[in-house]
Amino acid sequence: MKKHPGSLIFFLFILLIFAVMLGILFGSVSLTFSDILDVLTGKDKTSTAYVLITTVRVPRVLGGLFAGIGLSCAGVILQSVMNNSLASPNTIGVNSGSGFAVMLAMFFFPANSFYVPVFAFLGALLTTLAIFLLAAASDSSRTTIILAGITVSSFLNAGINTVKLLDTDITVNLTSFLIGTLSGLTLNKILLPCICISAAFLVSLFFVKPLNILALGDDIAHSLGLRVSLTRFLLLVLSSVLAGCVVSYAGLLSFIGLIVPHICRRLFGNDARFLLPCSALLGATFVILCDLLGRVIVSPFELPAGIIMSFIGGPFFLYLLLKKKGGRRVHA
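Residues numbered from 1 in each chain as written. Predicted model: local features only at pLDDT ≥ 70, side-chain atom pairs only at ≥ 80, totals over all residues. Heavy atoms only, no water.

**A short note on the overall build of the protein**
To keep it simple, the criterion reads: Each helix is a run of H or I in the DSSP string that is no shorter than four residues. Each strand is a run of E no shorter than two, and both are numbered from the N terminus. In this description the radius of gyration comes from C-alpha coordinates, and the expected globular size is given by 2.2 Å times residues to the power 0.38. A 1.4 Å probe rolled over the protein chains alone gives each residue an accessible area, and that area as a share of the maximum for its type sets the label: buried under 20%, exposed over 50%, partly exposed in between. We call two residues in contact whenever any of their non-hydrogen atoms come within 4.5 Å of each other. Exposure was quantified through the Shrake-Rupley algorithm and a 1.4 Å probe, taking into account, for residues, occlusion by the shown protein chains and nothing else. Charge counting treats Lys and Arg as positive and Asp and Glu as negative, with His and both chain ends excluded. Working definition for charges: the position is that of NZ of Lys, CZ of Arg, CG of Asp or CD of Glu.
The secondary structure content of the protein amounts to 15 helices and two strands. The C-alpha atoms of the protein give 20 Å as radius of gyration, which agrees with the globular expectation for 332 residues (20 Å, within 12%). Oriented by its inertia axes, the alpha-carbon framework of the protein measures out at about 65 × 55 × 40 Å. Burial analysis of the protein (332 residues in total) assigns 51% to the buried set. Within the protein, residue pairs in contact and separated by at least 24 positions form 75% of the contacts whose partners lie at least 6 positions apart. Of the roughly 15,900 Å² of accessible surface on the protein, 69% is carried by carbon and sulfur atoms. One finds the centroid of the 21 positive side-chain charges in the protein at a distance of 13 Å from the centroid of its 11 negative side-chain charges.

Next comes the structure, spelled out in structure tokens:
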């Protein structure tokens, strides 16, 4: 399979288009292809189908698409920079840092939504740097990084709970935010974060060669002329933009940045030239389908996408921790 990356990427692209169509067509109210055609041609803009597609389904699907791109690519970058296959925005606490910063933005600037993505980025960046520095100051083992992430996450979750107690208005929407959901999205709400995610993803494609060089180890990377420290810092900034922007509108969606890169490595190996675009396509498809499943499984009610992802991601994370290689357990 790894010999034909182009055909696999094309297949993933078709799969994403299929997921987008399903996300628009199905939910608590099912639509038809003729309804979509009516929307595209501008026919009867007062119809229920037109309003539902343009104001609910399309923003929701677009939000899921960019959430998948952002978190999956952030996972690829973090795993490469930290040389740890268990690193992801969720497992090392980046999502929690971004979430805490978003809570602060809601607390101090309740009437100005512009600050939300800015705070989300800063929270993700500061948390990522903190984890990276903690790992660098110790043995940098898998266990150390994950435990550092758990420690920082606990501290940040305490901060989130503190803000929740201080401001009851924030508490109203807090549950959905902590779980992660795509419900209630509008085009205005996702416009700025999606632009930032698109820009960060495009910039990350220019770092595929440095990502591959970093995988060879610091000594070889230095010998090849790579400015390792600067490159790592820039990549951490990119991962923070990707993860932080998603948190700013979708909340603390979990496990995407862990599951998707591992699946894509099975398909393409560790070559970042294929790993990044593959992860973007598969991640977008995964989030859209999880959100769709949450909408239809208990219709007319719905489960937040974050719950579906946790049901899938929890066992997957345990599998990675207990995975055996050559009949022997791989110790972290």
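We are not done yet, so read on.
**So, the nonpolar core**
Proteins that are soluble and globular tend to have nonpolar side chains buried together. Quick reminder of the rule: Take the buried residues of types Ala, Val, Leu, Ile, Met, Phe, Trp, Tyr and Cys, join any two whose side-chain atoms come within 4.5 Å, and each joined set is a nonpolar core.
Ile 69, Tyr 249 and Leu 253 are the most contacted members of the largest nonpolar core, which totals 88 residues. Among the elements that line this core, the one with the most residues is helix α3 (residues 48-81), at 16 residues. Sequence-distant contacts of Ile 69, defined by excluding residues within four places in its chain, comprise Ile 197, Phe 201, Ala 280 and Ala 284. One finds Val 116, Val 163, Leu 174 and Val 247 within the second-largest nonpolar core, a separate group that totals 12 residues.

**Comments concerning the pattern of salt bridges**
Note the threshold: Criterion for a salt bridge: a side-chain nitrogen of Lys or Arg within 4 Å of a carboxyl oxygen of Asp or Glu.
For the structure shown, the criterion picks out four salt bridges. Arg 60 serves as the salt-bridge partner of Asp 291, at 2.9 Å between the closest nitrogen and oxygen. Placement of the pair is Asp 291 in helix α14 (residues 272-296) and Arg 60 in helix α3, with a sequence separation of 231 residues. A salt bridge links Arg 60 to Glu 302, with the nearest nitrogen and oxygen atoms 2.7 Å apart. Taken as a pair, Arg 60 in helix α3 and Glu 302 in the loop between α14 and α15 (305-322) lie far apart in primary sequence, 242 residues in all. If you follow the salt bridges from partner to partner, you end up with Arg 60, Asp 291, Arg 295 and Glu 302 in one network.

**Regarding helix α12 (residues 228-250)**
For clarity, the threshold we go by: By this rule, a helix spans an expected 1.5 Å times one less than how many residues it contains.
Counted at 1.5 Å a residue, the expected span for α12 with its 23 residues is 33 Å, and the 33 Å between its end C-alpha atoms agrees. Judged by how many residues are buried, α12 sits mostly within the fold: 18 of 23 residues are covered.

**As for the environment of Ala 215**
Residue placement: Ala 215 occurs in the loop between α10 (208-214) and α11 (218-223). Separated by 134 residues in sequence, Ala 215 and Val 81 place their C-alpha atoms 8.2 Å apart.

**Observations concerning unusual backbone geometry**
Unusually for a residue other than glycine, Phe 255 sits at a positive phi of about 75°. Within the fold, Phe 255 resides in the loop between α12 and α13 (256-268). Its relative accessible area of 14% is what places Phe 255 among the buried residues.

**Description of the packing of helix α4 (residues 94-108) against α12**
How two helices sit against one another is set out by the angle between their axes and by the gap between those axes. For the record, the criterion: Note on method: axes are straight lines fitted to C-alpha atoms, helices fitted across the in-contact stretch only, with angles between N-to-C directions ranging 0 to 180 degrees. Working rule for angles: under 35 degrees goes down as roughly parallel, over 145 as roughly antiparallel, 65 to 115 as roughly perpendicular, anything else as oblique. What makes a crossing left-handed is the near helix being turned counterclockwise from the far one by less than a right angle; a clockwise turn instead makes it right-handed. In this classification, Asp, Glu, Lys and Arg are treated as charged, Ala, Val, Leu, Ile, Met, Phe, Trp, Tyr, Cys and Pro as nonpolar, and every other residue, Gly included, as polar.
As a packed pair, α4 and α12 sit with axes 9 Å apart at the nearest point and diverge in direction by 50°. Between α4 and α12, the interaxial angle falls into the category oblique. As for how α4 packs across α12, the hand of that crossing is right-handed. In contact with Val 94, Asn 95, Ser 98, Gly 99 and Val 102 of α4, α12 contributes Ala 243, Gly 244, Val 247 and Ser 248. Tallied by class, the residues present in the contact of α4 with α12 amount to four nonpolar, five polar and no charged.

**Some thoughts on a nonpolar patch on the surface**
Stated precisely, the cut-off is as follows: Patches draw on residues past 30% relative accessible area with no salt bridge. Two like charges within 9 Å are joined, as are two nonpolar side chains (Val, Leu, Ile, Met, Phe, Trp, Tyr) within 5 Å.
A cluster of nonpolar side chains, Phe 26, Leu 293, Val 296, Ile 297, Val 298 and Phe 301, forms an exposed patch at the surface whose accessible area comes to about 530 Å². Relative to the helices and strands, Leu 293 is located in helix α14.

What is shown is where atoms sit, not what they do.
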